[in-house]
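The residues making up each chain are set out below.
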Amino acid sequence: MNNIGKTKSVILSAISILVVFILLSGCVTPSEYMVEMRDGIHLATDVYLPTEDNLPHGSILVRTPYNKDGLRSMGSDLADNGWPAINQDMRGRYASEGIDTVFRNAHTDGPDTLAWIADQSWSNGKIATFGGSALGINQYYMAGANPPNLACQYIQVATPNLFKHAVVQGGQFRKNLVEMWLEGQGSLFVLPEYFENENYTLDYWTNVSLEDNWHDVNVPAIHIGGWYDCFTQGTVAGFMGYQHLGGTGANGKSKLIMGPWTHGGGRYQGELVYPENAVDNFSFDMFVDMINQYAMDGPDNFDQWPAVSYYVMGDVDTIDAPGNEWRYADDWPIPYTELECYFHGDGTLSTSLPGEHGPLTFMYDPANPVPTLGGQNLNIARGPYDQRIVEDRDDVLVFTSQILEEPIEATGPIKTRLYVSSDCLDTDFSVKITDIYPDGRSMLITDGILRMRNRNGLDHWEFMEPGEVYEIEVDIWDTSYIWNVGHRVSVAISSSNYPRFLNNPNTADPITRNTTYNIAHNTLYVYTNYPSCIILPWVESWALSATPEKPEAPSGSTTGKIDQSYTYSSSAFDPDEDQVYLLFDWDDGTSSGWIGPYESGETVKVSHTWAKGGSYNIRVKTKDMGGVQSEEWSDTFTVDVMGTKLTKNPLLVRSLDRLAEKFPMLEQLLSLYKSESILSSSQ
């Protein structure tokens, strides 16, 4: 064995001994309890307490239907950082007693658990809640009970109204989402009850809705969602309810974060890849500020965060396209103008009113519905997918704008006003809006549907008179998107989107009770007296400022290694002293995306991890708040990345990174372990 090999062996042996010793001595083992609810049911609850004597303390509660044992690492991490952590199996799930009621007991089980926590000697009586999806939904209904010990909440991809944003959309049953999720929980037994209550009434749905008791919500919350998420509108509704309708403890104190995400974060969404800035790297810092302020009476740093942080999506193929950036606002929606884009009989879409043209009729056969291809789904392909395959059908009407000579931004709620008729008593009308790229791809942005019997409310039915023309509005939810120059706006109208939505049998029967189906001949009217259109929340560009100066050439390390993060910096000046965004082109097929805003002349630091070896010429571009870009990119900065991939054990490195903060003796060993002289795969 050569000297390098011997050194490597010695270091790895020393590290292994230290890590095993430290992990065994420092790991937090939970105490297990069966906490009694008001009806005598006991819920399995794990408590992770800090080893340091800093109690009593604010604590963090996570209630889950997905097995609390899967949260051991998180519970231990929180306790290591001084926070008592409580993980609980929800009623009827895993180690807890009772029958799964699918959130219908969250309004009692949550507060009962909070009261138990507050009564423990290690608790200061102030409890934050945390979690996403089902873990977030139950937080909403807990808050609606106004429990005195609830301090604040971190709620991801969830809804405060189970009926309107999960079970149905536009009156139509969300077949795939509901059935597959319930099947995965072993809780399909609730479906018949849902179908018996397919019309919305608070007599049945009150326990899983905050619609009638927003005033009982008295805590701030962080509401996090994605524009492609299955609960997009639920997240927006949660923020709006807390922020504007909540009690004094909630009103004006919440935050909204909306990213370019499906039900999970990250850059890779559907068939598109967003820039590096699409990753959520700030919401947990916001959470830390919130719990310190509201669960520990700490500084008011949470109040300094913007009320709304939203990602404006755009063309991902053009590196300096408008959009693909974070913006910030005091409220939602931001100011916009309703831009009506009309459907024309020749298949065009424009802001000009349509002329005289005959109606457009298509046949909708429930036995051959338009198949779902992406969208705001959970268990099937989700996010932005190319719609050309499903648009090329006789039962889909497509309307497309001319090639854009200027970008168009839509940020806020998108509605569709349609004039329609049918030869059936009931049917659906579905709407999709897409971005047609220069290469012809029709990339889905958002979509919606309306069940005609529910056109005037989800609480009752009104059947159609065959042949009568109805004016309807199809809500296709909120978004934030910029169509780039050279692209086209497109809208597809149909009567199905299956299995995302139940295929309407075109009968008057309730869900699941129809014994047959009808083939519908549905008509869309697109002329002067019936100007069907899509209504975009148009945000006009105010690009009237001077052009920013050429940015400074980036600086940083001139060498790099694969899989390691490096920081590079630059700055840019704006003649009007406007704030600026910067864009780093890494020359490896990726970019930072527009990051900012920063003050004119401020030094901006951005991290990047190199995926493969080579020589890269980094460059930077800037734009001001009005969207005016610098005429030139900066001079380039060359980085030579060594092409040998390190063979370090990633789990071991992550453990050492975490432990080195508490045990400085590991710093030197960690540095040696990461060094190429020890771990290069060429040795």
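About the cut-offs
- Residues numbered from 1 in each chain as written.
- Predicted model: local features only at pLDDT ≥ 70, side-chain atom pairs only at ≥ 80, totals over all residues.
- Heavy atoms only, no water.
- Helix = DSSP H or I, 4+ residues; strand = E, 2+ residues; numbered from the N terminus.
- Rg over C-alpha atoms; globule rule 2.2 N^0.38 Å.
- Contact = heavy atoms within 4.5 Å.
- Patch = residues over 30% accessible without salt bridge, like charges linked within 9 Å, V, L, I, M, F, W, Y side chains within 5 Å.
- Areas by Shrake-Rupley, 256 points an atom, 1.4 Å probe, with all protein chains shown as cover.
- Salt bridge = Lys/Arg side-chain N within 4 Å of Asp/Glu carboxyl O.
- Buried < 20%, exposed > 50% of the residue type's maximum accessible area, 1.4 Å probe, protein only.
- Axes fitted to C-alpha atoms, helices over the stretch in contact; angles between N-to-C directions.
- Parallel < 35°, antiparallel > 145°, perpendicular 65-115°, else oblique.
- Left-handed = near helix turned anticlockwise from the far one by under 90°.
- Nonpolar A, V, L, I, M, F, W, Y, C, P; charged D, E, K, R; others polar.
- Expected span 1.5 Å × (residues − 1).
- Lys, Arg positive; Asp, Glu negative; His and termini not counted.
- Charge placed at Lys NZ, Arg CZ, Asp CG, Glu CD.
- Pairing = 2+ DSSP bridges.
- 1 Å grid on protein atoms, 1.4 Å probe; cavity = no way out; pocket = protein on both sides within 12 Å on 5 of 7 lines; lining within 4 Å.
- Points joined across faces, edges and corners; volume = space filled by probe spheres on them.
- Phe/Tyr/Trp six-rings, centres within 6.5 Å; stacked < 30°, edge-to-face > 60°.

Undergrad: I'd love a proper account of the overall build of the protein chain, names of residues and values included.
TA: Across its full length, the protein chain holds 14 helices and 34 strands. On C-alpha atoms alone, the protein chain measures out to a radius of gyration of 28 Å, which is about the 26 Å that the 2.2 N^0.38 rule sets for 683 residues. The dimensions of the protein chain, computed from C-alpha atoms along their principal axes, are 85 × 70 × 50 Å. Pairs at least 24 residues apart make up 74% of the contacts formed inside the protein chain by residues separated by at least 6 positions.

Undergrad: Residues and numbers for a nonpolar patch on the surface, please.
TA: Side chains of Met363, Tyr517 and Ile519 sit close together on the surface and give an oily, nonpolar patch of about 280 Å² of accessible area. Position of Met363 among the secondary structure elements: in strand E17 (residues 360–364). Assessed through its relative accessible area of 46%, Met363 is described here as partly exposed.

Undergrad: Give me the lowdown on the packing of helix H4 (residues 134–143) against helix H9 (residues 232–245), citing residues and values where you can.
TA: Contact geometry of H4 with H9 gives a least axis separation of 12 Å together with a crossing angle of 25°. One element, H4, and the other, H9, form an angle in the roughly parallel class. Our pair here, H4 against H9, has a crossing hand that is left-handed. The residues of H9 that touch H4, namely those facing Gln139, Tyr140 and Ala143, are Gly234, Thr235, Gly238 and Tyr242. Split by residue class, the contact of H4 with H9 holds three nonpolar, four polar and no charged.

Undergrad: How would you explain helix H3 (residues 106–118) if you had to name every residue and give the values?
TA: Each full turn of the α-helix corresponds to 3.6 residues, which orients residues three or four apart in the same direction. Given a rise of 1.5 Å per residue, 13 residues ought to cover 18 Å, and the 18 Å separating the end C-alpha atoms of H3 matches this to within 8%. When H3 is considered as a whole, its buried residues turn out to be Ala106, Thr108, Asp109, Gly110, Pro111, Asp112, Thr113, Leu114, Trp116 and Ile117.

Undergrad: Mind laying out the pattern of salt bridges, listing which residues take part and the relevant values?
TA: For the structure shown, the criterion picks out 26 salt bridges. Note that Arg327 is salt-bridged to Glu325, the shortest N-O span being 3.0 Å. The two residues Arg327 and Glu325 agree in class, both being buried. The class of Glu325 is buried, set by a relative accessible area of 2%. When salt bridges with common partners are traced through the structure, they connect Asp46, Lys68, Asp69 and Arg72 into a single cluster.

Undergrad: If you had to explain a negative patch on the surface to someone new, which residues and values would you point to?
TA: Side chains of Asp576, Glu577, Glu599 and Glu602 sit close together on the surface and give a patch of like negative charge. Looking at the secondary structure, you find Glu599 in the loop between strand E31 (595–598) and strand E32 (604–609).

Undergrad: Please provide a residue-by-residue account of the pairing of strand E33 (residues 614–624), values included.
TA: Taken together, the six bridges between strand E30 (residues 580–585) and E33 define a ladder with antiparallel strand orientation. Within E33, the position partnered with Tyr581 by the bridge is Lys623. In this sheet, strand E34 (residues 637–642) lies alongside E33 in antiparallel orientation, the contact comprising five bridges. Looking at E34, one finds that Ser615 is bridged to Asp640.

Undergrad: An account of unusual backbone geometry is requested, with residue identities and associated values reported.
TA: In this model, Trp332 is joined to Pro333 through a cis peptide bond whose omega is -5°. By secondary structure assignment, the location of Pro333 is in the loop between strand E14 (325–329) and strand E15 (337–343). Following Tyr498, the chain continues into Pro499 via a peptide bond in cis, with omega recorded as 15°. Here Pro499 shows up in the loop between strand E23 (488–494) and strand E24 (520–524). For Asp563, which is not glycine, the phi dihedral falls at a positive 70°. Classification of Asp563 as partly exposed rests on a relative accessible area of 38%.

Undergrad: Give a description of the layout of surface pockets that names residues and reports values.
TA: When its volume is computed, the largest pocket comes out at roughly 730 Å³. Lining the largest pocket are 26 residues, with Arg327, Glu409, Ser541, Gly626 and Gly627 positioned closest to its centre. For the lining of the largest pocket, the secondary-structure elements that each account for two or more residues are E14, strand E19 (408–422) and E33. With three residues, the single largest contributor to the lining of the largest pocket is E14. Among the residues forming the lining of the largest pocket, the class breakdown is 14 nonpolar, five polar and seven charged.

Undergrad: Pulling in residues and values, what's your account of the packing of aromatic side chains?
TA: Scanning the entire structure with this criterion turns up 34 aromatic pairs. On the numbers, 6.5 Å between centres and 20° between planes, the contact of Phe282 with Trp305 is stacked. Of the two residues, Phe282 sits in the loop between strand E12 (272–273) and helix H10 (283–294) while Trp305 sits in the loop between H10 and strand E13 (308–312), which places them 23 residues apart along the sequence. One aromatic cluster in this structure is built from Trp261, Tyr274, Phe282, Trp305, Tyr311 and Trp326.

Undergrad: Tell me about the sheet that holds E23, and name the residues and values.
TA: Pairing within the open sheet is antiparallel, and its four strands lie in the order E18-E23-E20-E21. The open sheet terminates on both sides in strands that have one partner only, identified here as strand E18 (397–400) and strand E21 (442–451). Each neighbouring strand pair of the sheet contributes to a mean axis angle of 15°, computed without reference to strand direction. Of the strand pairs in this sheet, E18 and E23 are connected by four bridges, and their pairing is antiparallel. Paired with Leu397 across the two strands is Ile493, which belongs to E23.

So, to be careful, I would describe these as geometric facts and stop short of saying anything about function.
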